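Coordinate inspection notes
What follows is each chain in one-letter form.
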Amino acid sequence: MPSSPHDATSEPAPVLRGLLPPSTEVSVERLVDDLDLIERGAESRSRPYLALNMISSTDGRATLGGRSGGLGGRADSLLLHGLRTTVDAVMAGAGTVRAERYSRLVCEERDRKTRRERGLAEEPLVCVVSGRLALSKEIPLLADRDAHVAIITASNASLPQECRAQIEYIRAAREGALDLRAALEELRERFGVRTLLCEGGPHLNSHLLAGGLVDELFLTLSPKLAGGDATSEALGIVSGPELEPPFKLALLAVHEHESYLFLRYRVIPS
């Protein structure tokens, strides 16, 4: 997981150049302020409005050495944390949570204040999608007694009691497999989740897309070439069966900083 956006306070804040629509330079903070995710989530629907947020090398790699941090920069880290201040919940697959060693997502008081001003809870609900519940207390998120976590699973098992976080379960199974649509509908009805940010990984992204559950994609295109064969350690941002037919994307905005491209797409269902 990228470092806190406030770690290097002595550095000037990155300024992004608007390419589409053409605009003057804008800070990441202003860019996030102008997003309309909350308004989109307020629309009447049975499930949360869902946006994917991913990073990829220019040749399509979603990770380096199993983690995404080596692809990003400071502006990307700021955008990641900024997006987390605009949604009711953040979701990730168990593999991503383990690899990136997730901890609580919004700890800075200034970010908690921003969420309050947006009419949101001080911290987003953290949703972890896990088929086998292969999660342990060694993950900082689950070891933190102040963390609020919803485990989305088809399993009837529970995590060890040593996990000190406040843990709730959404058990959504259909013919023995996880029913993501039913799980998201329960998120909306039971927890009041209107907006949901998914941070991967690639397999979870594939299942969400195949289920017609994704509304937007935020994609950071990193100015790096990673190479590597198509293995479990060299996945793209979507990994799984081919989407037939492929999903179309409508480009909504493009910003640039230090050769990184920050793309926002609307996902058009097949």
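Going by the structure above, here's the rest.
A short tour of the structure in this document, coming up. From a predicted model like this one, the values you see are computed outputs, not experimental measurements. By convention here, each chain's residues receive numbers from 1 onward along its written sequence. The predicted origin of the model limits local features to residues at a pLDDT of at least 70 and limits the giving and counting of side-chain atom pairs to 80 or more, whereas totals for whole chains, interfaces and linings rest on all residues. The basis for the side-chain values is all heavy atoms of the structure; hydrogens and waters are excluded.

**Section: the sheet that holds strand 11 (residues 216-222)**
Quick note on the threshold: Two strands qualify as a pair provided DSSP detects at least 2 bridges between them. Under the scheme used here, helices are H or I runs from DSSP no shorter than 4 residues and strands are E runs no shorter than 2 residues, and both carry numbers assigned from the N terminus. Every axis in this analysis is a line fitted to C-alpha atoms, fitted for helices over the stretch in contact. Angles between the N-to-C directions lie between 0 and 180 degrees. Contact criterion: two residues are considered in contact whenever any of their non-hydrogen atoms come within 4.5 Å of each other.
Read across the open sheet, the 11 strands follow the order 2-1-12-13-11-3-10-4-5-6-7; overall the sheet is mixed. This sheet does not close on itself; its edge strands, each paired only once, are strand 2 (22-27) and strand 7 (166-171). Here the average twist between neighbouring strands, direction ignored, is 25 degrees. Direction of pairing for strand 1 (residues 15-20) relative to strand 12 (residues 248-257): antiparallel, over a ladder of three bridges. Directly across from Gly-18, in strand 12, lies its bridge partner His-255. On the sheet, helix 7 (residues 180-191) packs against strand 3 (49-57), strand 4 (89-93), strand 5 (125-129), strand 6 (148-153), strand 7 and strand 10 (195-198) and is oriented at approximately 130 degrees with respect to strand 7.

**A closer look at the packing of aromatic side chains**
We describe a pair of aromatic rings using the distance from one ring centre to the other and the angle between the two ring planes. Heads up, the condition is: Aromatic pairing here means that ring centres of Phe, Tyr or Trp (its six-membered ring) are within 6.5 Å. Orientation follows from the plane angle: under 30 degrees is stacked, over 60 is edge-to-face, and everything else is tilted. Two conditions define a charge located above a ring, namely a distance within 6 Å from the ring centre to NZ of Lys or CZ of Arg, and an angle within 35 degrees of the ring normal.
Evaluation of the coordinates by the stated rule reveals one aromatic pair. For Arg-171, the ring lying beneath its charged end belongs to Tyr-169, and the centroid distance is 4.3 Å.

**Focus on a nonpolar patch on the surface**
For the record, the criterion: Residues qualify for a patch when their relative accessible area is over 30% and they have no salt bridge, like charges being joined within 9 Å and the nonpolar side chains of Val, Leu, Ile, Met, Phe, Trp and Tyr within 5 Å. With residues, only the protein chains shown are counted as cover, and all accessible areas are computed by Shrake-Rupley using a 1.4 Å probe. Criterion for a salt bridge: a side-chain nitrogen of Lys or Arg within 4 Å of a carboxyl oxygen of Asp or Glu.
A cluster of nonpolar side chains, namely Leu-19, Leu-20 and Leu-251, defines an oily patch on the protein surface of about 220 Å² accessible area. With respect to the helices, strands and loops of the structure, Leu-20 is situated in strand 1.

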